[in-house]
Amino acid sequence: MSKLFPHRPNDSKRYAILGATAILPDRCIENAYVEWSEGILTRIGPMPKRIPKSLESLEASGSYIAPGWIDIHVHGGAGADFMDGTLEAIQTACRSHLKHGTTTIFPTTTTGSHESILRMIQAVEAAKRSADASLPSIEGVHLYGPYFTPEKSGCHRKEACRAPVRSEFEEYFQAGSIAIATCAAELDGCANFYRYAKKQGCLVTCGHSNSSWSEMAAAHKCGMSHVDHFWCAMSSVASVRTRLGTPMQGSMLEFVLAHPTMSTEVIADGYHLAPELLEFAWQMKKSSMLCLVSDTSRALDMPPGKYAFGHPEENVWIESTGKVGLSPAGGLASSVVALDHCVRHMAKVTKIPLWEIVRMATLTPAERTGIAADRGSLEAGKRADLLLLDKRLQVQKVFYTSPSSISPTQ
Ligand SMILES: [Zn+2]
Ligand SMILES: [Zn+2]
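Worth saying up front: this structure is predicted, and the values here are computed from it rather than measured.

A tally of helices and strands in the chain yields eleven helices and 23 strands. Whereas a compact globule of 410 residues would reach a radius of gyration of roughly 22 Å, the chain reaches 21 Å, a difference of no more than 12%. The principal-axis extents of the C-alpha atoms in the chain amount to approximately 70 × 40 × 40 Å. Counting all 410 residues of the chain, 54% fall into the buried class. Long-range pairs, those at least 24 residues apart, make up 71% of the contacts in the chain between residues at least 6 apart in sequence.

The subject of this paragraph is the sheet that holds strand β16 (residues 263-267). A sheet is described by the order of its strands in space; here six strands give the open sequence β12-β13-β14-β15-β16-β17, paired in parallel fashion. Lying at the two open borders of the sheet, with one neighbouring strand each, are β12 (141-143) and β17 (290-293). On average, adjacent strands in this sheet sit at an angle of 30° to one another, irrespective of strand direction. Of the strand pairs in this sheet, β16 and β17 are connected by four bridges, and their pairing is parallel.

Counting through the fold element by element, Ser 294 comes out in the loop between β17 and β18 (305-308). A count of 31 C-beta atoms within 10 Å places Ser 294 in the buried class. With 275 residues separating them in the primary sequence, Ser 294 and Gly 19 have C-alpha atoms 30 Å apart. Apart from residues no more than four positions distant in its own chain, Ser 294 is found in contact with Asp 71, Val 74, Ser 335, Val 337, Ala 338, Leu 339 and Cys 342.

Moving on, we get to unusual backbone geometry. Omega for the peptide link from Gly 145 to Pro 146 comes to 15°, which places this bond in the cis form. The residue Pro 146 is located in the loop between β12 and α3 (166-175) in this model. A cis amide bond links Thr 246 to the next residue, Pro 247, at an omega of 0°. With respect to the helices and strands, the residue Pro 247 is situated in the loop between α6 (237-244) and α7 (252-258). If you check the backbone angles, Asn 10 has positive phi at about 55° while not being a glycine.

So, on to the domain arrangement of the chain. Domain parsing of the chain yields domain 1 (3-66 + 375-400) and domain 2 (69-368). If you average the C-alpha positions of domain 1 and of domain 2, the two centres end up 30 Å apart. Broken down by secondary-structure element, the contributors of at least two residues to the side of domain 1 that touches domain 2 are β1 (3-6) and β23 (395-400). Along the lines of polarity and charge, the residues of the side of domain 1 that touches domain 2 split into twelve nonpolar, two polar and four charged.

Before going further, it helps to examine the nonpolar core. Within soluble globular proteins, side chains that are nonpolar generally end up buried alongside one another. Ranked by internal contacts, the top residues of the largest apolar core, which has 121 residues, are Ile 65 and Leu 292. The residue makeup of this core includes at least three contributed by each of domain 1 (3-66 + 375-400) and domain 2 (69-368). Residues within four places of Ile 65 in sequence aside, it is in contact with Ile 17, Ala 20, Ala 22, Ile 23, Ala 32, Val 34, Ala 60, Leu 386 and Leu 388.

What you see with strand β14 (residues 203-206) is no split at all: Leu 203 and Thr 205 on one side and Val 204 and Cys 206 on the other are buried throughout. In the sheet, strand β13 (residues 178-182) pairs with β14 via three bridges, with the strands oriented parallel. Considered in β14, the bridge of Ala 181 is made with Val 204. As a crossover connection, the stretch from β13 through helix α4 (residues 190-199) into β14 is right-handed. As paired elements, β14 and strand β15 (residues 224-227) share three bridges and run parallel to each other. Within the sheet, the bridge partner assigned to Val 204 lies in β15 and is Met 224. Of the crossover connections in this fold, the one passing from β14 over helix α5 (residues 213-221) to the parallel β15 is right-handed.

The rules we used
Residues numbered from 1 in each chain as written. Chains lettered and ligands numbered in written order. Predicted model: local features only at pLDDT ≥ 70, side-chain atom pairs only at ≥ 80, totals over all residues. Helix = DSSP H or I, 4+ residues; strand = E, 2+ residues; numbered from the N terminus. Rg over C-alpha atoms; globule rule 2.2 N^0.38 Å. Buried ≥ 20, exposed ≤ 12 C-beta atoms within 10 Å, placed from the backbone. Contact = placed C-beta atoms within 7 Å. Pairing = 2+ DSSP bridges. Axes fitted to C-alpha atoms, helices over the stretch in contact; angles between N-to-C directions. Domains from an automatic or database assignment. Nonpolar A, V, L, I, M, F, W, Y, C, P; charged D, E, K, R; others polar. Core = buried A, V, L, I, M, F, W, Y, C linked by C-beta atoms within 7 Å. Right-handed = clockwise from strand over helix to strand, strands pointing away.

Here it is as structure tokens:
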């Protein structure tokens, strides 16, 4: 298991990692020097001739050093689902991902009741205020459900899928910070939702949708610029034909591939998508517009068995095989691994350069959610959210900014 090193407030000591291979967004540097102080990176480059004596340094040749993972689509871990809606559940799930190297996390909703979604958003706010050194950076909520089309509900409860109504979603935005907002592009009222979420600074996305090219084009004009888990619970030419007849129309898939301004994400757990699809998505969207997401359920780091997806009172159950989550009908229902596994899987089964794989789990999600100014890459001035990985890309050490890293006086 990895060791955790939270940055302490007002710690003016200088730290450095010596001799590791540093993974930058555009290349790797072998035998690198990575230095930080007060939780902020101060120098990254080749090893200097002389190492300052005042440093607390760590010799790490043979290891990799990468920025901390940033997970924009994640439901839970270690037995807890964010939709459980308690401070304890948020903390448990966040801690489990931190051990896997996720230093920034966007807790993601499911299609719960209005009250349960509100409870979840409030509990996430409480976790951010808890000044707990064992937590990663908790960014805003990913308001994922409930605005899905029932015919593409996937493992979410069909009856709870609904169209966005302003009085309802305004309450969510008032309850806490929402950073990512999903809505299916064929639902009544979606344009209002997209415009509202965009104005709040969200990454606006379309998911669990059977929308056509023209519905996507209208949504894109209102600020929608991302599609959740490519190839999963989204439209195809065939599914749009079933819904709208002929002539056959373009779907979400063609729309995303045709527009350089659209980004998307893949669940690279080894069970959702075959290697050729992972590589194809990268060839089409490049690492700058493709994110890796875990889409993990509470079954992360838990034994195989039956688990509630979302709040247990929603009565949606999935079966974890220990490798992937399945719905009772046998369909795919979330992953049971964290982003470290996805990075290793990509490195194992594709020919994508390692720095591009890491970019998809760090800088690209940071850029898409508007937080790249202070994290997502090894760059002086950014947060020293760092992972030390062994040769097999297993996370050994995690240096990170926690809610307690920032002193109350700052
Ligand atoms: Zn989904
Ligand atoms: Zn999901």
